Amino acid sequence: MPIDLICLDADDTLWHNMRFFDAAEEAYVAMLAPFAEVGVARETLAAVETRNLALYGYGAKSFTLSTIEAAVELVGDALPVATIRQLLAAGRDLLAHPVELFDDIAATLDALAARGRLVLVTKGDLLHQESKLAASGLGDRFAGVEIVSDKTTATFDALFARFGVAAARCVMAGDSMRSDVLPALAAGAYAAFIPQANGWAHEAAPPPADQARFRQLARLSELPGWIDTIA
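So, how was this worked out
- Residues numbered from 1 in each chain as written.
- Predicted model: local features only at pLDDT ≥ 70, side-chain atom pairs only at ≥ 80, totals over all residues.
- Heavy atoms only, no water.
- Patch = residues over 30% accessible without salt bridge, like charges linked within 9 Å, V, L, I, M, F, W, Y side chains within 5 Å.
- Areas by Shrake-Rupley, 256 points an atom, 1.4 Å probe, with all protein chains shown as cover.
- Salt bridge = Lys/Arg side-chain N within 4 Å of Asp/Glu carboxyl O.
- Helix = DSSP H or I, 4+ residues; strand = E, 2+ residues; numbered from the N terminus.
- Pairing = 2+ DSSP bridges.
- Axes fitted to C-alpha atoms, helices over the stretch in contact; angles between N-to-C directions.
- Contact = heavy atoms within 4.5 Å.
- Parallel < 35°, antiparallel > 145°, perpendicular 65-115°, else oblique.
- Left-handed = near helix turned anticlockwise from the far one by under 90°.
- Expected span 1.5 Å × (residues − 1).
- Buried < 20%, exposed > 50% of the residue type's maximum accessible area, 1.4 Å probe, protein only.
- Right-handed = clockwise from strand over helix to strand, strands pointing away.

Colleague: Looking at this model, I keep getting lost on a nonpolar patch on the surface. Mind explaining?
Modeller: A surface patch of nonpolar side chains, about 320 Å² in accessible area, is lined by Leu-55, Tyr-56 and Leu-65. If you trace the backbone, Leu-55 turns up in helix α2 (residues 38–56).

As structure tokens, then:
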């Protein structure tokens, strides 16, 4: 059965993302060094981030708010205003980072577009994701762009219905087992996992028990070949 709809994640699938969040976290740790041990600072931030996802969602703005909240938890009223200013500045840098595409992304997207309609499926802050897509120069290659608050089975059910394609004729590819692979498989699609170094622990999950519609790839450029084996 041929694949008609090819859904792709954006951050750390088309372009680098976690390296900039890692740099922002290192800046936060350095700012908190006079007040908290490195491990405690990281653990506190991770706990605050997870707690805030339901309130702020995903993305750089949520991360920045969480760094400030974590700093307040660690230091209390003694937190210098200058440190808050520095955390806000680090957040602005995170929002303004350059879009650095992975190698051969444009050629890979052209190869995929020859096999089916392309849809970008990404989560995070709407304005930031739109600006990154515009800066990437890749927008014209997609038949649709879906910027969502989270990726769930219901997200993919609705997406496939909106494009009028049966789930069995769709594939999703991305770097998150939790957000890209498992919900797409649960919706009845195929899914490719393309892990990246230093992936966010929140997005980790065990691989699917049934791997009939699942494949782990080393890079996105391997996706056209796998799609050909499906068809």
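Colleague: Please explain the sheet that holds strand β3 (residues 144–148) as it appears in this structure.
Modeller: Strands in a sheet are paired, the pairing made by backbone hydrogen bonds, and the direction either parallel or antiparallel. Strand order in the open sheet made by the six strands is β3-β2-β1-β4-β5-β6, with parallel pairing throughout. A strand with exactly one partner marks an edge of an open sheet, and here the two such strands are β3 and β6 (214–216). Here the strands of the sheet are splayed against their neighbours by 20 degrees on average, with no regard to which way each runs. By the bridge criterion, four bridges tie strand β4 (residues 170–174) to strand β5 (residues 190–193) in an arrangement that is parallel. The residue of β5 that forms the bridge with Val-171 is Tyr-190. Its contacts with the sheet put helix α6 (residues 126–136) on β2 (117–123) and β3, and the angle it makes with β3 is roughly 145 degrees. Relative to the sheet, helix α7 (residues 153–162) contacts β1 (5–8), β2, β3 and β4, its axis offset from that of β1 by approximately 140 degrees.

Colleague: Which parts of the structure should I look at to understand the packing of α2 against helix α3 (residues 60–75)?
Modeller: The relative placement of two packed helices comes down to the angle between their axes together with the axis-to-axis distance. Axis separation between α2 and α3 bottoms out at 8 Å; the angle between their running directions is 130 degrees. The angle between the axes of α2 and α3 places the two elements in the oblique class. Considering only the axes of α2 and α3, their crossing is right-handed. Residues Val-40, Ala-41, Thr-44, Leu-45, Val-48, Glu-49, Arg-51, Asn-52 and Tyr-56 of α2 touch α3, and the partners they reach there are Ser-62, Phe-63, Leu-65, Ser-66, Thr-67, Glu-69, Ala-70, Glu-73 and Leu-74.

Colleague: Can you help me understand helix α4 (residues 81–95) in this one?
Modeller: Structurally, the α-helix is built with 3.6 residues per turn, so residues lying three or four positions apart point the same way. Here α4 contains 15 residues, and its C-alpha end-to-end distance of 21 Å stays within 8% of the 21 Å for a straight helix at 1.5 Å per residue. The secondary structure elements touched by the buried residues of α4 are α1 (18–32), α3 and α6.

Colleague: It is not clear to me how the pairing of β2 should be interpreted in this structure. Could you clarify?
Modeller: Where a strand is regular, its side chains alternate between the two sheet faces. The buried fraction of β2 amounts to six of the seven residues, a majority that puts the element mostly inside the structure. For β2 and β3, the ladder comprises five bridges, and the chain directions are parallel. Bridge pairing links Val-121 to Glu-146 in β3. Handedness of the crossover is the feature at issue here: the chain leaves β2, passes through α6, returns alongside β3, and the resulting connection is right-handed.

Colleague: Explanation requested: the pattern of salt bridges in the structure shown.
Modeller: Two side chains bearing opposite charge may form a pair once their charged atoms approach each other closely. Tallied over the entire structure, the rule returns 18 salt bridges. The salt bridge partner of Lys-151 is Asp-180, with a shortest N-O separation of 2.6 Å. Highlighted residues: Lys-151 in the loop between β3 and α7 and Asp-180 in helix α8 (residues 177–186), separated in sequence by 29 residues. Owing to a relative accessible area of 1%, Asp-180 belongs among the buried residues under this scheme. One salt bridge in this structure joins Arg-178 and Glu-203, with 3.6 Å as the shortest N-O distance. Residue Arg-178 is found in helix α8, and its partner Glu-203 is found in the loop between β5 and β6; the two are separated by 25 residues along the sequence. Overall, Arg-178 belongs to the partly exposed group, its relative accessible area being 25%. Accessibility expressed as a relative area gives 12% for Glu-203, which makes it buried.

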